[in-house]
Amino acid sequence: MQCAIQFVYPEDTHAISLSGKACSLSCDHCNKHYIEQMPTLQDEIPKNTKSFLISGGLKPDGTSFLLDRKKELTALKASGKYHFNSHVGFVDEEELEEIAKIVDFVSFDFVSDPEVIRKVYHLNRSKEEYIRLYKLLESKIQVHPHVTIGLDAGKIHWEYEAIQILHDLGAKKLVLNVLIPTAGTKFANVSNPDLKEVRKVFQYARDIFSDGMLILGCMRPAGKYRMELDMIAIEEGVDRIVQPTIKSRKFAEKMGMDISYLYECCVMDPKKESRHTKERELVRE
């Protein structure tokens with residue numbers, strides 16, 4: 001077990017949807033659920049905001065609305081107050097030149113199985129296209145890949161290949177999310193991914209990314225499952241956990257781990273706050 005861990009409470013990052021409640025893909029695991037309550041560019045910016053997560057739905061071909069909102073985003077960036085992390089969808093070289101003037105980091109949902117891409121995202125895209133997109137994005141912007149464990153209706157199989165590919169592509173950070181069976185989606189009634197199998201993925205990722213940063217992201221099931229998952233993450237050497245359960249935080253404290261706290265999106269590296277200045281997160285579950 002590692003001797004240090006970072007707990008992330010991204011309250012200083014303001015997440016917005018550029019498409020409002022709209023998305024042409026209606027993916028099997030989301031079906032617009034996770035963008036329905038997101039603020040938009042027209043909404044008031046919280047005073048504590050230090051960065052933005054620019055997200056939202058996608059167009060039928062998997063492209064985003066980012067350049068459609070270029071004028072507003074450029075003006076916001078020109079204030080010099082904020083960093084931008086973004087989901088950018090599929091882009092070409094010309095579009096990337098413009099996006100790179102706005103976006104500081106890309107959170108890239110990576111899938112290596114074309115059948116999963118087709119079934120879940122409803123996109124006719126290949127593994128090779130995802131790899132080419134990663135390389136293209138990385139040529140201009142810092143890219144932080146995300147892998148959603150159990151994305152194939154809770155089944156785990158393609159994730160190992162994806163993790164190896166991302167390591168070979170030179171990724172320095174890897175965010176692991178876990179499928180949430182969400183009401184109103186095609187996956188509403190599937191089982192949570194088996195925790196024993198999830199542990200194996202964490203073990204594999206820790207071994208492959210032995211010199212990189214491994215992050216347990218914000219998207220994962222709630223309740224008892226989340227509590228057990230967070231404990232597994234600590235036991236298997238994850239470097240960061242977003243919004244950890246109280247039990248997992250106390251476990252890290254009991255183990256005498258060096259704990260620090262971050263308050264922006266998990267892929268960012270803002271100034272760390274010591275274990276003695278954690279008033280903002282003490283009561284959170």
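For the structure itself, look to the data block above.
Residues numbered from 1 in each chain as written. Predicted model: local features only at pLDDT ≥ 70, side-chain atom pairs only at ≥ 80, totals over all residues. Heavy atoms only, no water.

A few points about the pattern of salt bridges
Applicable threshold: Any carboxyl oxygen of Asp or Glu within 4 Å of a side-chain nitrogen of Lys or Arg constitutes a salt bridge here. Under the DSSP-based scheme used, a helix requires at least four consecutive residues in state H or I and a strand at least two consecutive residues in state E, with every element numbered from the N terminus. Using a 1.4 Å probe on the protein chains alone, a residue whose accessible area is under 20% of its type maximum counts as buried, one over 50% counts as exposed, and one in between counts as partly exposed.
By the definition in use, this model includes 20 salt bridges. Between E98 and K101 there is a salt bridge; the shortest N-O distance is 3.2 Å. Across the pair D269 and K173 runs a salt bridge, and its minimum N-O distance is 2.7 Å. You can see D269 sitting in the segment after β10 (258-262) and its partner K173 sitting in strand β7 (residues 173-178), a full 96 residues away along the chain. Residue D269 is classed as exposed on the basis of its relative accessible area, which comes to 53%. Shared partners join several salt bridges into a network, and the residues in it are K70, E98 and K101.

A word on the sheet that holds β10
Note the threshold: Pairing between strands is defined by DSSP: at least two bridges between them are needed. Only the stretch in contact is used when a helix axis is fitted, and all axes are lines through C-alpha atoms; the angle between N-to-C directions ranges over 0 to 180 degrees. We call two residues in contact whenever any of their non-hydrogen atoms come within 4.5 Å of each other.
Taken together, the 10 strands give an open sheet; going across it, the order is β2-β3-β4-β5-β6-β7-β8-β9-β1-β10, and neighbouring strands pair in parallel fashion. A single partner strand is all that each edge strand has here, and the edge strands are β2 (13-17) and β10. Between one strand and the next, the sheet's axes are offset by a mean angle of 25°, whatever the strand orientation. Summarising the sheet, β7 and strand β8 (residues 213-216) pair through 4 bridges and their orientation is parallel. Paired with V175 across the strands is I215, a residue of β8. Helix-sheet contacts for helix α4 (residues 127-138) involve β5 (105-109) and β6 (142-149), and the interaxial angle to β5 is about 170°. Packed on one face of the sheet, helix α6 (residues 195-208) meets β6, β7 and β8 and runs near 155° to β8.

Overview of the pairing of β7
What counts here: For crossovers, right-handed means that the path from the first strand over the helix to the second runs clockwise, given strands pointing away from the viewer.
In terms of burial, β7 is largely enclosed, as 6 of its 6 residues are buried. What you see with β7 is no split at all: K173, V175 and N177 on one side and L174, L176 and V178 on the other are buried throughout. In terms of strand pairing, β6 meets β7 through 4 bridges, oriented parallel. Note on β7: the bridge partner recorded for T148 is N177. For the handedness criterion, the β-α-β arrangement of β6, helix α5 (residues 159-168) and β7 is classed as right-handed. At this point the chain moves from β7, through α6, to the parallel β8, and the crossover so formed is right-handed.

Observations regarding unusual backbone geometry
The phi torsion of most residues other than glycine is negative, and most of the peptide bonds are trans. A positive phi angle, close to 50°, is found at S26, a residue other than glycine. Here A153, not a glycine, exhibits a phi torsion of approximately 55°, which is positive. Take A153: it is sitting in the loop between β6 and α5.

Points about the environment of L169
Within the secondary structure, L169 sits in the loop between α5 and β7. Taking the relative accessible area as the measure of exposure, L169 reaches 22% and is therefore partly exposed. Distance from L169 to E138, taken between C-alpha atoms, is 9.6 Å for residues 31 residues apart in sequence. Apart from the residues lying within four places of it in its own chain, the contact partners of L169 are I131, Y134 and K135.

Regarding the packing of aromatic side chains
Heads up, the rule is: Between the rings of Phe, Tyr and Trp (Trp by its six-membered ring), a pair exists once the centres lie within 6.5 Å; its type follows the angle of the planes, with under 30 degrees stacked, over 60 edge-to-face, and the other angles tilted.
One pass over the structure, following the stated rule, counts 10 aromatic pairs. Between F52 and Y82 the ring centres are 5.0 Å apart and the planes differ by 90°, which places this aromatic pair in the edge-to-face class. Of this pair, F52 sits in strand β3 (residues 51-55) while Y82 sits in the loop between α1 (70-78) and β4 (83-86), and the two are 30 residues apart along the sequence. For the pair formed by F52 and Y82, the shared burial category is buried. An angle of 85° between the planes, with centres 6.2 Å apart, marks the rings of F110 and Y130 as edge-to-face. Here F110 is found in the loop between β5 and α3 (114-121), whereas its partner Y130 is found in helix α4, with 20 residues between them in sequence. A relative accessible area of 1% places F110 in the buried class. Residue Y130 is classed as buried on the basis of its relative accessible area, which comes to 3%. One aromatic cluster is present, built from ring pairs that chain together F90, F108, F110, Y130 and Y134.

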